[in-house]
Amino acid sequence: AISVEKKQNPYIPARLWLYQIRRCREMLQDFISHRLEFEALFKHCVGVYEREYGSITAFFRGDGVVAGVSAFSTTSKIGAGSFADAARKHGVAEIIDRWVIDSDRTIDESGIRALGKYFSAVQFVGALYLATFSGMRRAEVGRLRSDCLVLDRDDRLGEIFMLRGDTSKTVDDDSALW
């Protein structure tokens, strides 16, 4: 029988913390280094839907439910090709496949939903990365604003980067620093 340690440590072991940082950084670096390609793919996809439906909003009914079929479906009459082909053309198919496509599927089978899944994953990993270094709670990270990064200069320590945001952990403070 295997002995299972039931004591929980009040910290994340260094090997797990470092693994988390490494994996988050890998994904974020993939995204940042291919930012322009993802932007071009996104614009391409929006253009396809605009050509097929007249506008993105026309693709949806008033209640937010999809009214049309995917402009990238295999039965599409507009000749847009597949989403996987568009992702390959823009040089990001392998990145999407690496980070969000299940191991038993391919990007060809996943379709355009893979792009939304990828963007959601990048957002989640970015928040996780901030929480890993700051100790912020998930809700606190979620309330950060685009101007939350604060740079302070110290004569001895040099540049010090901090995050400014809402907290209610010990006191209500809309300008807490981490």
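Basis of the calculations
Residues numbered from 1 in each chain as written. Predicted model: local features only at pLDDT ≥ 70, side-chain atom pairs only at ≥ 80, totals over all residues. Heavy atoms only, no water. Phe/Tyr/Trp six-rings, centres within 6.5 Å; stacked < 30°, edge-to-face > 60°. Helix = DSSP H or I, 4+ residues; strand = E, 2+ residues; numbered from the N terminus. Buried < 20%, exposed > 50% of the residue type's maximum accessible area, 1.4 Å probe, protein only. Core = buried A, V, L, I, M, F, W, Y, C linked by side-chain atoms within 4.5 Å. Contact = heavy atoms within 4.5 Å. Axes fitted to C-alpha atoms, helices over the stretch in contact; angles between N-to-C directions. Parallel < 35°, antiparallel > 145°, perpendicular 65-115°, else oblique. Left-handed = near helix turned anticlockwise from the far one by under 90°. Nonpolar A, V, L, I, M, F, W, Y, C, P; charged D, E, K, R; others polar. Expected span 1.5 Å × (residues − 1).

(A) Quick peek at the packing of aromatic side chains. Enumeration over the complete set of coordinates arrives at eight aromatic pairs. With centroids separated by 4.6 Å and ring planes inclined at 10°, the aromatic side chains of Phe 38 and Tyr 118 adopt a geometry described as stacked. On the criterion of sequence distance, the pair formed by Phe 38 in helix 2 (residues 35–53) and Tyr 118 in helix 7 (residues 113–134) is long-range, its members being 80 residues apart. We note that Phe 38, like Tyr 118, is buried. With a centroid separation of 6.2 Å and an interplanar angle of 55°, the aromatic rings of Tyr 118 and Phe 119 are classed as tilted. Here the aromatic residues Phe 31, Phe 38, Phe 42, Tyr 118 and Phe 119 are joined through ring pairs into a cluster of three or more.

(B) Inspection of the nonpolar core at higher detail. Ranked by size, the top nonpolar core spans 25 residues in total, and within it Leu 41, Phe 83, Ala 87, Ile 96, Ile 107 and Tyr 118 carry the most contacts. Looking at this core, the elements with two or more residues in it are helix 1 (14–33), helix 2, helix 4 (83–89), helix 5 (93–100) and helix 7. The biggest single contributor to this core is helix 7, with six residues. Residues in contact with Leu 41, not counting those within four places in the same chain, are Phe 83, Ala 86, Ala 87, His 90, Val 92, Ile 96 and Leu 115. Core analysis: the second largest hydrophobic core is formed by five residues, Met 136, Leu 144, Cys 148 and Leu 163 among them.

(C) Fine view of the packing of helix 1 against helix 5. At a minimum axis distance of 11 Å, the contact between helix 1 and helix 5 shows a crossing angle of 155°. Classified by the angle their axes make, helix 1 and helix 5 are roughly antiparallel. The way helix 1 lies across helix 5 gives a crossing that is left-handed. On helix 5, the residues touching Arg 23, Glu 26, Met 27 and Asp 30 of helix 1 are Ile 95, Arg 98 and Trp 99. Split into classes, the residues belonging to the contact of helix 1 with helix 5 amount to three nonpolar, no polar and four charged.

(D) How the structure looks around helix 2. The first and last C-alpha atoms of helix 2 sit 27 Å apart over 19 residues, in line with the 27 Å expected at 1.5 Å per residue. For helix 2, the complete set of buried residues consists of Phe 38, Leu 41, Cys 45, Gly 47, Val 48 and Tyr 49. Looking at the packing, one finds that the buried side of helix 2 touches helix 1, helix 3 (56–59), helix 4, helix 5 and helix 7.

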